[in-house]
Amino acid sequence: MSKLFRAVIMGPPGSGKGTISERIAQRFALTHLSSGDFLRENIAANTEAGILAKTYIDRGLLVPDHVMTRLLLPKLEEMTRHSWLMDGFPRTLAQANALNSTCDLDLVISLNIPFETLKERLSERWVHPASGRVYNMGFNPPRIQGRDDISGEPLIQREDDQPEAIVSRLRHYKDLAKPVIDLYRSKGILHKFSGTETDRIWPYINSLLSTKIPSISQTVTQHAPLP
Ligand code: AMP
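Residues numbered from 1 in each chain as written. Predicted model: local features only at pLDDT ≥ 70, side-chain atom pairs only at ≥ 80, totals over all residues. Heavy atoms only, no water.

Peer 1: Even after reading the chapter, I still don't get the overall build of the protein, so can you show me in this structure?
Peer 2: Of regular secondary structure, the protein possesses nine helices and seven strands. Rg of the C-alpha trace for the protein: 17 Å, near the compact-globule value of 17 Å for 227 residues, within the 12% margin. Counting only C-alpha atoms, the protein reaches 45 × 40 × 30 Å along its principal axes. The 227 residues of the protein split such that 44% are buried. Within the protein, counting contacts between residues at least 6 apart in sequence, those at least 24 apart form 72% of the total. Surface summary for the protein: the accessible area is close to 12400 Å², and the carbon and sulfur share equals 52%. Side chains of the protein carry 28 positive and 25 negative charges; the gap between the two charge centres is 4 Å. (Helix = DSSP H or I, 4+ residues; strand = E, 2+ residues; numbered from the N terminus. Rg over C-alpha atoms; globule rule 2.2 N^0.38 Å. Buried < 20%, exposed > 50% of the residue type's maximum accessible area, 1.4 Å probe, protein only. Contact = heavy atoms within 4.5 Å. Areas by Shrake-Rupley, 256 points an atom, 1.4 Å probe, with all protein chains shown as cover. Lys, Arg positive; Asp, Glu negative; His and termini not counted. Charge placed at Lys NZ, Arg CZ, Asp CG, Glu CD.)

Peer 1: Explain the UniProt feature "binding site: a ribonucleoside 5'-triphosphate" (unreviewed entry) in the protein to me, please; I cannot follow it from the model alone.
Peer 2: UniProt tags Gly14, Ser15, Gly16, Lys17, Gly18, Thr19, Arg125, Val134, Tyr135 and Thr198 as "binding site: a ribonucleoside 5'-triphosphate" (unreviewed entry). By secondary structure assignment, the location of Gly14 is in the loop between strand 1 (6-10) and helix 1 (17-28). Among the residues examined, Gly14 registers a relative accessible area of 15% and is labelled buried. With residues up to four places along the chain from it excluded, the contact list for Gly14 reads Leu118, Arg121, Leu122 and Arg125. Looking at the secondary structure, you find Thr198 in helix 8 (residues 198-212). Given a relative accessible area of 16%, Thr198 falls into the buried group. (UniProt positions renumbered as here; feature names shortened; annotations may be inferred.)

Peer 1: Can you help me understand the pattern of salt bridges in this one?
Peer 2: Oppositely charged side chains are able to pair whenever their charged atoms sit close together. Following the criterion strictly, the structure yields nine salt bridges and no others. Ionic pairing is found between Asp106 and Lys3, a salt bridge with its closest N-O pair at 2.9 Å. Here the residue Asp106 occupies a position in the loop between helix 5 (93-100) and strand 4 (107-112), and Lys3 occupies one in the segment before strand 1, the gap between them amounting to 103 residues. Lys3 sits in the exposed class, given a relative accessible area of 52%. Linked through salt bridges whose partners overlap, the residues forming this network are Lys178, Asp182 and Arg185. (Salt bridge = Lys/Arg side-chain N within 4 Å of Asp/Glu carboxyl O.)

Peer 1: Please explain the site of the ligand as it appears in this structure.
Peer 2: Near the ligand there are 13 residues, and of these Ser35, Leu61, Gly88, Arg91 and Gln95 occur at the shortest range. At a separation of 2.7 Å, a nitrogen atom of the ligand approaches a polar side-chain atom of Ser35. Here Arg40 contributes a side-chain N or O atom positioned 3.1 Å from an oxygen atom of the ligand. Burial of the ligand by the protein amounts to 87% of the accessible area it has alone, namely 480 Å². The element that contributes the greatest number of residues to the shell around the ligand is helix 2 (residues 35-44), accounting for four residues. (Near = heavy atom within 4 Å. Polar contact = N/O pair within 3.5 Å; in protein donor to acceptor, adjacent residues only side chain to side chain.)

Peer 1: Before we go on, may I ask you to explain the packing of aromatic side chains in this structure?
Peer 2: The geometry of an aromatic ring pair comes down to the distance between the two centres and the angle between the two planes. Tallied over the full model, the rule gives zero aromatic pairs. We note Arg59 situated over the ring of Tyr56; from NZ or CZ to the ring centre the distance is 5.2 Å. (Phe/Tyr/Trp six-rings, centres within 6.5 Å; stacked < 30°, edge-to-face > 60°. Lys NZ or Arg CZ within 6 Å of the ring centre and 35° of its normal.)

Peer 1: In this structure, what is going on with the sheet that holds strand 3 (residues 84-87)? I would like to understand it.
Peer 2: Within a sheet, each strand pairs with its neighbour through backbone hydrogen bonds, oriented either parallel or antiparallel. Ordered by their spatial adjacency, five strands build an open sheet running 2-3-1-4-7, and the pairing between neighbours is parallel. Single-partner strands in this sheet number two, and they are strand 2 (31-34) and strand 7 (190-194). Averaged over all adjacent pairs, the angle separating strand axes in this sheet is 20°, with direction ignored. One ladder, built from four bridges, connects strand 1 with strand 4; its direction is parallel. Bridged to Ala7 within strand 4 is Leu107. Against the sheet, helix 7 (residues 163-186) makes contact with strand 1, strand 4 and strand 7, and its axis sits at roughly 150° relative to strand 1, the strand it touches most. (Pairing = 2+ DSSP bridges. Axes fitted to C-alpha atoms, helices over the stretch in contact; angles between N-to-C directions.)

Peer 1: Please explain the nonpolar core as it appears in this structure.
Peer 2: The nonpolar side chains of a soluble globular protein tend to be buried, and buried together. Core analysis: the largest hydrophobic core is formed by 32 residues, its most contacted members being Met10, Trp84, Met86, Leu99, Leu105, Val108 and Tyr184. Those elements giving two or more residues to this core turn out to be strand 1, helix 2, helix 3 (48-57), helix 4 (65-77), strand 3, helix 5 and helix 7. The residues contacting Tyr184, other than those within four sequence positions of it, are Met10, Pro90, Ala96, Leu99, Leu105, Val108, Ile189 and Leu190. Counting residues in hydrophobic clusters, the runner-up holds 23 residues, among them Ile24, Phe28, Ile109 and Leu208. (Core = buried A, V, L, I, M, F, W, Y, C linked by side-chain atoms within 4.5 Å.)

Below is the structure:
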């Protein structure tokens, strides 16, 4: 790799951020970092931050900024020799400012998905609480209805994915994300992608990143295409 590459992907709940992050990580050999996964790992390991974070996540709230930064920034400092894509952080301006003081981002991807599409996707979303694995009954159903593919344990519909909660959750996301998006726009590193289908947005993200990370994309495209 000629130069390290640091990117952030932002998008409201249900925007397909996780799926797109996995595709980017695979195609461009970036390490996919997910704040939700870090939190779940910390919860599973019963760390001090994990125990604290769980009290917020269980209530459907965002974990406070100081807990998030205390957890994630040291992790990023360990990654000084790696290229990475961060998914789920920053979610607030305070988090973005903290990230700013740790590293220079090369690029920010912002997913702009119509409100009706998000509402529909979230209402069909079921999760396996222990692992955080997410299913969509419409386009990504589990192999056995109501059961996690790996553990076989029951899936649940998160309280904040129930129709009444969805609207306020999306509004809350938008309010918090707006100043973060504005910040990255003013830095000239924001790239916005709009659409209703992940598979239609993906080629545009792929070609943007191919121009930004040419050495990696040339190596990786020699391998099998993505499914
Ligand atoms: P996710 O897997 O991204 O949906 O995250 C699961 C939960 O972890 C969220 O609903 C939040 O409660 C919490 N969380 C994840 N990332 C952040 C963040 N950057 N700031 C605050 N809370 C977060």
